[in-house]
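Each chain, written out:
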Amino acid sequence: MVESKDAASQMDVKKVLSTKWPSYDVKLTNNDLILYSLGVGFSQNPLKTADFKFTYENDSEFQAFATMPSVIAHRQSDLVLNIPGFPAFNPMMLLYGEENLEFYKPITSDLKLVVEERIADVADKGKMTGLTEESLIKNKDTGETLVKILRTLMIRGVGGYGHKGGAAVVHYPEIPKRAPDAILESASSPNQAFLYRLNGDLNPLHVDPDMAALGGFEKPIIHGLCSAGFTARMVYEKYCNGEPKNLAKFSTRFLSHVFPGETYVVEIWKDGNILVFQTKTKERGKVAVRGFAELRAQAKL
């Protein structure tokens, strides 16, 4: 692992920013779409037919929920550990910073998808580096981009090389200094992480108490992207009039952990078509995620 003071000599910003990984194909099944949606809390009430468009393959509008692209992309995450021009680092020094999604067209199970990924930005944060990866999920047959994701990873111990980045910065609105316009609640289940991990993130930290203890947690924690998905579902249910296309963007910063079985409390402030939110745990009051969503003009405000 490189020390921060050595990063300036070992970091080759130009080479890092030229990194583009091989594209890969993804073919989803109905079960994939349903599993993701169940994992972020849809159909907890099995008689809620409004959820069927995400959890029942015979629904006429059956499709992937908006935030599912986060588990469609990022399938080459191990390559982040060996980026040309980037100093070697201990994987334990890597933190998930942001997940920013921009939606253009819905994803359905009949589509053949191709994912193209590259390093979009690198930024010196002093004692750490912000590394931003761009993922484009495309319709393989037409080449049309369906979703764009900017994922920022924070790598501690690498810094001091001077490049401030800015090529792929997403600006997050501040939390307003007034009462929220909406406060929503949704409970996770005690086995939430066991269900969500079947989307592909099999990190034992989320289910194995011994591994969680090694990570400094008293018990296993829910995946951060699961917490983001829960939040997106509640935003959708409150503000999108049952129309998935009304959600244009969804951006999340990860701040703290959630234990399976805890209740999410989402506070939302609306300003035109922008919804600023933060998600806390009801039991401990800790802010787990914070971010904003952008709605298309026809969405309910």
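Residues numbered from 1 in each chain as written. Predicted model: local features only at pLDDT ≥ 70, side-chain atom pairs only at ≥ 80, totals over all residues. Heavy atoms only, no water.

Engineer: How would you explain the pairing of strand S3 (residues 112–124) if you had to name every residue and give the values?
Structural biologist: With respect to burial, S3 is a largely interior element, ten of its 13 residues being buried. As paired elements, strand S1 (residues 20–27) and S3 share six bridges and run antiparallel to each other. Paired with Lys27 across the bridge in S3 is Lys112. Both S3 and strand S4 (residues 128–139) contribute to a ladder of eleven bridges, which runs antiparallel. Note that in S4 the partner of Ala123 across the bridge is Gly130. (Buried < 20%, exposed > 50% of the residue type's maximum accessible area, 1.4 Å probe, protein only. Helix = DSSP H or I, 4+ residues; strand = E, 2+ residues; numbered from the N terminus. Pairing = 2+ DSSP bridges.)

Engineer: Could you give an account of the sheet that holds strand S6 (residues 182–187), naming the residues involved and the relevant values?
Structural biologist: As summarised here, the arrangement of the ten strands in space is S1-S3-S4-S5-S2-S7-S10-S9-S8-S6, forming an open sheet in which the pairing is antiparallel. Two strands close off the open sheet at either side, each with one partner strand: S1 and S6. The sheet shows a mean angle of 20° between the axes of neighbouring strands, direction not considered. (Axes fitted to C-alpha atoms, helices over the stretch in contact; angles between N-to-C directions.)

Engineer: Please provide a residue-by-residue account of the packing of aromatic side chains, values included.
Structural biologist: Counted by the stated rule, this structure contains 13 aromatic pairs. With 5.3 Å between their ring centres and 80° between their planes, Phe54 and Phe65 make a pair best called edge-to-face. Placement of the pair is Phe54 in helix H4 (residues 52–55) and Phe65 in the loop between H4 and helix H5 (69–72), with a sequence separation of eleven residues. Comparing Phe54 with Phe65, the two get one shared label, buried. Ring geometry for Tyr96 against Phe254: centres 5.2 Å apart, planes inclined by 70°, an arrangement best described as edge-to-face. With Tyr96 in strand S2 (residues 94–103) and Phe254 in strand S7 (residues 247–254), the pair connects residues that are 158 residues apart, well separated along the chain. (Phe/Tyr/Trp six-rings, centres within 6.5 Å; stacked < 30°, edge-to-face > 60°.)

Engineer: Explain unusual backbone geometry to me, using residue names and the numbers behind them.
Structural biologist: Leaving glycine aside, a negative phi is the common case for residues, and trans is the common case for peptide bonds. Although it is not a glycine, Ser43 sits at a positive phi angle of roughly 60°. Looking at the secondary structure, you find Ser43 in the loop between helix H3 (30–39) and H4. Assessed through its relative accessible area of 17%, Ser43 is described here as buried. For His74, which is not glycine, the phi torsion reads 65° and is therefore positive.

Engineer: I'd love a proper account of the nonpolar core, names of residues and values included.
Structural biologist: Formed by 54 residues in total, the largest nonpolar core has its most connected members in Phe65, Ile72, Ile107, Leu113, Ile137 and Ile268. The leading source of residues in this core is helix H8 (residues 224–239), at nine residues. Leave out the neighbours within four places in its chain, and Phe65 touches Tyr36, Ser37, Val40, Phe42, Phe54, Gly229, Ala232, Arg233 and Tyr236. Of all hydrophobic cores here, the second largest spans 15 residues; its members include Ile83, Ile119, Ile155 and Val158. (Core = buried A, V, L, I, M, F, W, Y, C linked by side-chain atoms within 4.5 Å. Contact = heavy atoms within 4.5 Å.)

Engineer: Quick one: what's the story with H8, residue by residue and with numbers?
Structural biologist: For H8, with 16 residues, the first-to-last C-alpha span of 23 Å sits near the 22 Å given by 1.5 Å per residue. The buried fraction of H8 amounts to 13 of the 16 residues, a majority that puts the element mostly inside the structure. Phi turns positive, to about 55°, at Asn241, one or two residues after H8. (Expected span 1.5 Å × (residues − 1).)

Engineer: Give me the environment of Ala232: which residues, what numbers.
Structural biologist: Tracing the sequence through the fold places Ala232 in helix H8. Overall, the relative accessible area of 0% leaves Ala232 in the buried class. When the C-alpha atoms of Ala232 and Gly261 are compared, they prove to be 18 Å apart, with 29 residues separating the residues in sequence.

Engineer: Report on the pairing of strand S5 (residues 145–156), specifying residues and quantitative values.
Structural biologist: Within S5, nine of the twelve residues are buried, which leaves the element mostly enclosed by the surrounding structure. Direction of pairing for S2 relative to S5: antiparallel, over a ladder of nine bridges. Within the sheet, the bridge partner assigned to Glu99 lies in S5 and is Arg151. Pairing geometry for S4 and S5, over eleven bridges, is antiparallel.

Engineer: Let's hear about the side chain of Arg197: which residues, and what values?
Structural biologist: Of note, Arg197 is situated in the loop between helix H6 (192–196) and helix H7 (209–214). Despite being buried, Arg197 has no salt bridge partner; Asp201 is the closest side chain of opposite charge, sitting 7.3 Å away. Among all residues touching Arg197, those that are not within four sequence positions of it are Leu202, Val207 and His223. (Lys, Arg positive; Asp, Glu negative; His and termini not counted. Salt bridge = Lys/Arg side-chain N within 4 Å of Asp/Glu carboxyl O.)

Engineer: Help me get a handle on the state of the cysteines, residues and values and all.
Structural biologist: Per the stated rule, a full pass over the model turns up zero disulfides. The closest cysteine sulfur to the non-disulfide-bonded Cys226 is located on Cys240, 19 Å from its own sulfur. For Cys226, a relative accessible area of 0% translates into the label buried. (Disulfide = S-S within 2.5 Å.)

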